[in-house]
Amino acid sequence: MKIGIRCHDLCQGTIDEIIVKCKEYGFENLQLVFKKALKDKDGNPILFDKNSAFEVGKKLKEANINVSMLGAYFNPVHSNKELVRSNVEYFKEHLKYASLLDCKYVGTETGSYNDDKWTYNPKNQTEVGYQESIAIFKELVKYAEEYSISL
């Protein structure tokens, strides 16, 4: 049996530091959220893009560590629609370059009408909330199909 972990629960640091921790604890699979787990040598978050996906993917492959799922979490029902749009585009980058990490899955959350506090809000369970979320995810599914990625 193979066991994985959310990378940012294991540690936060450079990819080399993360690999050392994975080896130390015997993890061969990661759920990887770049901006939560990966830091450059100065401690700044590493954002996901083509170059970072390639570099991280190369090092993980050499270490025989799999990325089972990329996390690109955002709140699709956030009241700031410009922020939602920016996050949708960031998610699409994950879909586009996930293959550089040999990753077939990109995940997010359903969010909340409480914006940055993803907690209970009565509107979360309404038809309006459902339709608003579905509209965002339909767009992402269509995009994912172009890159043969599963959501």
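Residues numbered from 1 in each chain as written. Predicted model: local features only at pLDDT ≥ 70, side-chain atom pairs only at ≥ 80, totals over all residues. Heavy atoms only, no water.

Participant: What is the right way to look at helix 4 (residues 50-62) in this model?
Facilitator: Residues spaced three or four apart along an α-helix point in a common direction, a consequence of the helix completing one turn every 3.6 residues. Taking 1.5 Å of rise per residue, 13 residues should cover 18 Å, and helix 4 covers 18 Å from first to last C-alpha, within 8% of that figure. Burial in helix 4 covers these residues: S52, A53, V56, G57 and L60. Projected onto a plane normal to the axis of helix 4, the buried residues spread over an arc of 120° and lie on a single side. Turned more than 90 degrees away from the buried face of helix 4 sit N51 and E62, all of them exposed. Looking at the buried positions of helix 4, the neighbouring elements they touch are helix 2 (15-25), strand 2 (29-32), helix 3 (34-37), strand 3 (66-71) and helix 5 (81-97). Here helix 4 starts with a cap whose side-chain oxygen sits 3.1 Å from the backbone nitrogen of N51, and that cap is D49. N64 sits one or two residues past helix 4 and shows a positive phi near 60°. (Helix = DSSP H or I, 4+ residues; strand = E, 2+ residues; numbered from the N terminus. Expected span 1.5 Å × (residues − 1). Buried < 20%, exposed > 50% of the residue type's maximum accessible area, 1.4 Å probe, protein only. Arc of directions from axis to C-beta. Contact = heavy atoms within 4.5 Å. Polar contact = N/O pair within 3.5 Å; in protein donor to acceptor, adjacent residues only side chain to side chain.)

Participant: Got a minute to help me understand empty space enclosed by the protein in this structure?
Facilitator: Counting across every chain of the model gives one cavity of 30 Å³ or more. Counted as a void, the largest cavity has a volume near 30 Å³. What lines the largest cavity is simply V33, F34, K35, G71, A72, Y73, Y90 and H94. Of all the secondary structure elements, the ones that give two or more residues to the lining of the largest cavity are helix 3 and helix 5. Looking at the lining of the largest cavity residue by residue, the classes come out as five nonpolar, two polar and one charged. (1 Å grid on protein atoms, 1.4 Å probe; cavity = no way out; pocket = protein on both sides within 12 Å on 5 of 7 lines; lining within 4 Å. Points joined across faces, edges and corners; volume = space filled by probe spheres on them. Nonpolar A, V, L, I, M, F, W, Y, C, P; charged D, E, K, R; others polar.)

Participant: How should I be thinking about the pairing of strand 3 in this particular structure?
Facilitator: Every other side chain in a regular strand lies on the same face of the sheet, so the side chains alternate between the two faces. Examined bridge by bridge, strand 2 and strand 3 share four bridges and lie parallel to one another. Bridge pairing links L30 to V67 in strand 3. With two bridges connecting them, strand 3 and strand 4 (residues 106-107) associate as parallel partners. Its bridge partner being in strand 4, L70 is matched across the sheet by V106. Each parallel crossover has a hand, and the one from strand 3 via helix 5 to strand 4 is right-handed. (Pairing = 2+ DSSP bridges. Right-handed = clockwise from strand over helix to strand, strands pointing away.)

Participant: Looking at this model, I keep getting lost on the packing of helix 5 against helix 6 (residues 127-146). Mind explaining?
Facilitator: Between two packed helices, what matters for the description is the angle formed by their axes and the separation of those axes. Between helix 5 and helix 6, the least distance of the axes is 10 Å, while the angle of their chain directions is 30°. When the axis of helix 5 is compared with that of helix 6, the two are roughly parallel. Between helix 5 and helix 6 lies a crossing whose hand is right-handed. Listed contacts from helix 6 to K81, V84, R85, V88, E89, F91, K92, L95 and K96 of helix 5 are E132, I136, E139, L140, Y143 and A144. (Axes fitted to C-alpha atoms, helices over the stretch in contact; angles between N-to-C directions. Parallel < 35°, antiparallel > 145°, perpendicular 65-115°, else oblique. Left-handed = near helix turned anticlockwise from the far one by under 90°.)

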